[in-house]
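Notes for the structure review
Now for the letters of each chain:
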Amino acid sequence: MRMVDLIEKKRDGKELSENEIKWVIDRYTANEVPDYQMSAFLMATFFTDMTDKEITAMTLAMAHSGEVIDLSSIAGVKVDKHSTGGVGDTTTLILAPLVASVGVPVAKMSGRGLGYTGGTLDKLEAIPGFKIELSEDEFIQLVNENQVAVIGQSGNLAPADKKLYALRDVTATVNSIPLIASSIMSKKIAAGADAIVLDVTTGDGAFMKNLEDARRLAKTMVRIGALANRQTMAVISDMSQPLGEAIGNSLEVVEAIETLQGEGPADLLEMCYVLGSQMVVLAKKADTLVAARQMLEESLTSGKALAKFKEMIQNQGGDVTVVDHPERLLSAAYQIPVFARQTGVVTKLVANELGIAAMMLGAGRKTKDEAIDHAVGLKLHKKIGEEVAVGETLLTIYSNTTEVAEVVALIEANIEIGDTSKEPPLIHEIITE
Ligand code: URA
Ligand code: CA
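Residues numbered from 1 in each chain as written. Chains lettered and ligands numbered in written order. Predicted model: local features only at pLDDT ≥ 70, side-chain atom pairs only at ≥ 80, totals over all residues. Heavy atoms only, no water.

Remarks on the pairing of strand β5 (residues 231-238)
The element β5 is extensively covered by neighbouring structure, given that seven of its eight residues are classed as buried. In this structure, strand β4 (residues 195-202) lies alongside β5, joined through eight bridges in parallel fashion. Each residue of the ladder has a partner; that of Leu198, found in β5, is Ala234. The handedness of the β4 to β5 crossover, carried by helix α10 (residues 211-227), is right-handed. As paired strands, β5 and strand β13 (residues 427-431) are joined by four bridges and run antiparallel to one another. Bridge pairing in β13 places Ala234 opposite Ile431. (Buried < 20%, exposed > 50% of the residue type's maximum accessible area, 1.4 Å probe, protein only. Helix = DSSP H or I, 4+ residues; strand = E, 2+ residues; numbered from the N terminus. Pairing = 2+ DSSP bridges. Right-handed = clockwise from strand over helix to strand, strands pointing away.)

Listed below in structure tokens is the structure:
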């Protein structure tokens, strides 16, 4: 086989065979296909798209390009959850202990944040001492004994994706549905999940800016999950404004604790119940979504879910006292309020721009290797649809510097107050096979 022939075939919109796709991925991972040919292949894919068969072949080839985690020694159906990216998306911190507390094994590998999207690992590391690196044996043992462990993605998980993503990043080919779908699903499959719940976000803060694209991405991933023998479903959720009220690592840990105590923001809690119910049903711990939700609500109200979170922190070496004293996590030197300039209703809170504001404070990374400041971020006091009076605090900046003029300007440019506004729907659609 010659790469140039396969590029030509893709360029002309013909379907590549499973073997041909596997050849491309294998040879590229082995450094035998150069970046310039792969770039042409990616751009051809960007313009001509891929069939489900091609995407499935690509996903499986990428999943098997490195280590594939074997979770078969953990009893029960292992359900993973993945979000396509958001701002202030604190759900994994809450869902992992919540779902585990009703007996669903949660063996979760998470990633770090890049750009304006936060990563679960960075949030967990805001808890003093929390260890995100465990051996595969320790990881499996923890899940077997306590139903839950959340660790960093193994270095050799889907190396083809790592290489391809870096190339896509610099060749303007990130935003392609077949490429995003295969990238995400290859990592989920390599991480060993039996079933997968996808949170496909849409809106300013998401890859998919409109519902139509989000629906296509969700349907594509659900179909390739099924073709790869993983039960998969997707929730299309709104990311036009940040989820919950906290953006930033320590602030989101505090928000997770409050939510598990029953005192968190309503939208975040609802999102956790919606995603969690799907996970419980896929794990066969309940027959219906209604029954699953009831189990989760009971676990949260009784304190079982919070106790599971403490157990998870303890097992992974973290300082468990932060759960009863979350104020210990709020160590930013300055809390700077941003006030409303007029009276009215909040009509806009642009998620990605607020994410960038948090990143500028040090909560996120501009480049892959940058250090982050766990203490800083934003706490929203008003969300879309809420009334606000002139001079009232819209949000608080948690910062380690008083030089925040640029951040304040960015925030003010991305919050709008008008006469009337409707709260956007939290969930747009549920996509199943
Ligand atoms: N997240 C991924 O893991 N891959 C993509 O291509 C896009 C989002
Ligand atoms: Ca949040």
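Continuing now.
Some remarks on a negative patch on the surface
Taken together, the side chains of Asp70, Glu136, Asp137 and Glu138 present a region of like negative charge at the surface. In this structure, Asp70 sits in the loop between α4 (52-63) and β1 (79-83). (Patch = residues over 30% accessible without salt bridge, like charges linked within 9 Å, V, L, I, M, F, W, Y side chains within 5 Å. Areas by Shrake-Rupley, 256 points an atom, 1.4 Å probe, with all protein chains shown as cover. Salt bridge = Lys/Arg side-chain N within 4 Å of Asp/Glu carboxyl O. Lys, Arg positive; Asp, Glu negative; His and termini not counted. Charge placed at Lys NZ, Arg CZ, Asp CG, Glu CD.)

Quick word on the layout of surface pockets
Size it by volume and the second largest pocket reaches roughly 240 Å³. Taken together, 16 residues make up the lining of the second largest pocket; nearest its centre are Gln241, Asp267, Lys383, Glu423 and Leu426. Taken together, the residues of the lining of the second largest pocket break down into eight nonpolar, two polar and six charged. (1 Å grid on protein atoms, 1.4 Å probe; cavity = no way out; pocket = protein on both sides within 12 Å on 5 of 7 lines; lining within 4 Å. Points joined across faces, edges and corners; volume = space filled by probe spheres on them. Nonpolar A, V, L, I, M, F, W, Y, C, P; charged D, E, K, R; others polar.)

A short note on the packing of aromatic side chains
Evaluated as defined, the whole model comprises one aromatic pair. Between Phe46 and Phe47 the ring centres are 5.3 Å apart and the planes differ by 75°, which places this aromatic pair in the edge-to-face class. Geometry around Tyr28 places Lys163 over its ring, the cationic atom sitting 3.9 Å from the centre. (Phe/Tyr/Trp six-rings, centres within 6.5 Å; stacked < 30°, edge-to-face > 60°. Lys NZ or Arg CZ within 6 Å of the ring centre and 35° of its normal.)

Quick word on the UniProt feature "domain: Pyrimidine nucleoside phosphorylase C-terminal" (unreviewed entry) in the chain
When the UniProt feature table is mapped to this numbering, "domain: Pyrimidine nucleoside phosphorylase C-terminal" (unreviewed entry) covers residues 345-418. The distance separating the terminal C-alpha atoms of residues 345-418 is 5 Å; by composition the span is 27% helix and 30% strand. (UniProt positions renumbered as here; feature names shortened; annotations may be inferred.)

Digging into the coordination of the calcium ion (ligand 2)
Binding of the calcium ion (ligand 2) to the protein goes through Gly88 (O), Thr90 (OG1), Leu243 (O), Ala246 (O) and Glu255 (OE), at separations of 2.3 to 2.7 Å. For the calcium ion (ligand 2), all donor residues lie on one chain, and their spacing in sequence is G-x1-T-x152-L-x2-A-x8-E. One end of the pair, Gly88, is in the loop between β1 and α5 (91-100); the other, Leu243, is in the loop between β5 and β6 (246-247), and 155 residues separate them in sequence. For the pair formed by Gly88 and Leu243, the shared burial category is buried. (Donors = N, O, S within 2.8 Å, 3.2 Å for Na, K, Ca; no water.)

Looking at the pattern of salt bridges
Per the stated rule, a full pass over the model turns up 24 salt bridges. Asp26 is paired through a salt bridge with Lys22; the nearest N and O atoms lie 2.7 Å apart. Of this pair, Asp26 and Lys22 both sit in helix α2 (residues 18-29), separated by four residues, roughly a single helical turn. Residue class for Lys22 comes out partly exposed when judged on its relative accessible area of 42%. Counted as one network, the salt bridges with shared partners bring together Arg112, Asp122, Glu125 and Arg365.

Details of unusual backbone geometry
Not every positive phi belongs to a glycine, and Asp49 is a case in point at roughly 70°. Tracing the backbone through its elements, the reader meets Asp49 in the loop between α3 (35-48) and α4. Accessibility expressed as a relative area gives 24% for Asp49, which makes it partly exposed. With phi around 65°, Asn229 is a residue other than glycine that occupies positive phi space. Relative to the helices and strands, Asn229 is located in the loop between α10 and β5. By relative accessible area, Asn229 is classed as exposed at 69%.

Remarks on the sheet that holds strand β9 (residues 377-380)
Strands sit in the order β6-β9-β11-β7 across an open sheet of four strands; the sheet is antiparallel. Looking along the sheet, the strands with just one partner apiece sit at the ends: β6 and β7 (334-339). Sheet contacts for helix α15 (residues 351-361): β6, β9 and β11 (393-399); angle to β9, the most-contacted strand, approximately 140°. (Contact = heavy atoms within 4.5 Å. Axes fitted to C-alpha atoms, helices over the stretch in contact; angles between N-to-C directions.)

Some thoughts on the pairing of strand β2 (residues 106-110)
With five of five residues buried, β2 lies mostly within the body of the structure. Along β2, one buried face is formed by Val106, Lys108 and Ser110 and the opposite face, lined by Ala107 and Met109, is buried too. Sheet analysis places β2 next to strand β3 (residues 148-152), joined by five bridges and oriented parallel. Bridge assignment links Lys108 to a residue of β3, and that residue is Val150.

Side note on the sheet that holds β13
Pairing in this open sheet of four strands is mixed, and the strands run β1-β4-β5-β13 from one edge to the other. With one partner strand each, in any of the chains shown, β1 and β13 form the two edges of the open sheet. Between one strand axis and the next, the sheet turns through 15° on average, direction left out of account. Inspection of the sheet shows β1 paired to β4 by five bridges, in the parallel sense. Bridging from a neighbouring strand, His82 pairs with Leu198 of β4.

Some points on the environment of Ile74
Within the secondary structure layout, Ile74 lies in the loop between α4 and β1. Sequence spacing of Ile74 and Gly303 is 229 residues, and the spatial spacing of their C-alpha atoms is 25 Å. Not counting residues within four places of it along the chain, the set of residues in contact with Ile74 comprises Pro105, Ala107, Ile140, Val143 and Asn144.

So, the site of ligand 1
Taken together, the neighbourhood of ligand 1 is formed by Tyr165, Arg168, Ile180, Ser183, Ile184, Lys187 and Phe207. Residue Arg168 places a side-chain N or O atom 2.9 Å away from an oxygen atom belonging to ligand 1. Surface burial for ligand 1 is 89%, taken as the share of its 240 Å² of free accessible area covered by protein chains. Sorting the residues of the shell around ligand 1 by element identifies α8 (159-170) and α9 (177-190) as the ones contributing at least two each. Split into classes, the residues belonging to the shell around ligand 1 amount to four nonpolar, one polar and two charged. (Near = heavy atom within 4 Å. Polar contact = N/O pair within 3.5 Å; in protein donor to acceptor, adjacent residues only side chain to side chain.)

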